[in-house]
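# Fold and contact review
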Amino acid sequence: DKAVAMADAVMAKYPRNPDALALRGELWLGQPGGRAKAMEVYKQAVDIDPRHVIALANLVSLRLVSGDMEGARQAQKQLRLAGPQLIITEQQEGTLAYAAGDHARAREIFQALLRGLPDNINLLLLGGQNELKLGSAVQAETMFSRALALQPNSDKARRLLAQAQLALGQVPRALTTLAPLVDKPDAGPEVL
C-alpha cells in the first residue's frame, strides 16, 4: 500500500514520466485484478516513449496472457527495435515462440540465453517447460532441479520438477518432491 501511494504521488507530480508509469504498472501487476490497469499504464508509457523496454516487455507478456498473439507480436517488434541486444528482448522472443507453438525456436533461444545465464531461475523454468513440450522430460527435469536448487522455496520450480518426474514415470520421486507443498494450507489444485 505504501509503494502504491508513493508511485501515485510520483505520477501525480510527473504524469507523463514513462518510468513512473512503468513502476505503477509493476505495482498493478502485484494487485488482484490489476492486469487491465497495468496494461493501460504500460500503453501510456509506450505512447510517451516508444522505446521504453520495461513497458514493452510487460506488454508482450500481458498480451500473451490475454490471448492477443498479434498484439504480443507487435509489442515484440517494438521491443526488438528498442533493445535488440537485451536479454529481456531475447527472453520475450523465446516466450513468444513458446506461446506460438514453435518449441524448436524457443529451445534455441532459451539454450543460448542459459549459456550466458546458467543460474537464471526464470530462464530455467521457461526452458524446462519448453523441453516438456518437446518431449524431453530428462532435460526438463535437469532444468527444474537446477532452478529448485537455486531457489529451494520456489513452489513453481517444485511443482514443475514433479511434473517432469511424472513424465519420466518416477512417481515415488514426484510424490517426494511435492510433499512440502501438499501439506501447505494453500496447496493449489495443480499440486493436489
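For every chain, the first residue of the written sequence is number 1, and numbering continues from 1 onward in sequence order. Predicted model: local features are reported for residues with pLDDT of at least 70 only, side-chain atom pairs are reported and counted for 80 or more only, and whole-chain, interface and lining totals are derived from all residues. Only heavy atoms go into the side-chain values, all of them from the structure, while hydrogens and water stay out.

A separate point is helix 1 (residues 2–13). Put simply, DSSP marks the helices as runs of H or I at least four residues long and the strands as runs of E at least two long, and each gets a number from the N terminus on. The span you would expect from a helix comes to 1.5 Å times its residue count less one. For helix 1, spanning twelve residues, the distance from its first C-alpha to its last is 17 Å, which sits close to the expected 16 Å at 1.5 Å a residue. Every buried residue of helix 1 is accounted for by V4, A7 and M11. Buried positions in helix 1, seen along its axis, are confined to an arc of 65 degrees and lie on one side of it. Those residues of helix 1 that are exposed and aimed more than 90 degrees away from the buried face are K2, M6, A12 and K13. Residues are treated as being in contact if the distance between any of their heavy atoms lies within 4.5 Å. At its buried positions, helix 1 is contacted by helix 2 (18–29). Each residue is assigned to one of three classes by its accessible area relative to the maximum for its type, calculated with a 1.4 Å probe on protein chains only: buried under 20%, partly exposed between the two thresholds, exposed over 50%. Starting at the helix axis, one direction is taken to each C-beta atom, and the arc is that of these directions.

This part covers the side chain of T177. In this structure, T177 sits in helix 11 (residues 171–182). Residue classification places T177 among the buried residues on the basis of a relative accessible area of 9%. Looking at T177, its side chain comes within polar contact range of the side chain of Q165, at 2.8 Å. When residues no more than four places from it in sequence are discounted, the contact partners of T177 are R158, L161, A162 and Q165. Pairing of N or O atoms within 3.5 Å defines a polar contact, subject to two protein rules: one partner must be a possible hydrogen donor and the other a possible acceptor, and residues neighboring in sequence count only if both atoms are side-chain atoms.

Nonpolar side chains in soluble globular proteins tend to be buried together. By size, the foremost hydrophobic cluster in this structure holds 23 residues, and its most contacted members are Y42 and L59. Of all elements in the fold, only helix 2, helix 3 (35–48), helix 4 (53–65) and helix 5 (69–82) reach the threshold of two or more residues within this core. In terms of residue count, the dominant contributor to this core is helix 4 (eight residues). Buried Ala, Val, Leu, Ile, Met, Phe, Trp, Tyr and Cys residues that are joined via side-chain atoms within 4.5 Å together make up what is termed a nonpolar core. Formed by 19 residues, the second largest nonpolar core is a distinct cluster that contains I109, L113, A157 and A164.

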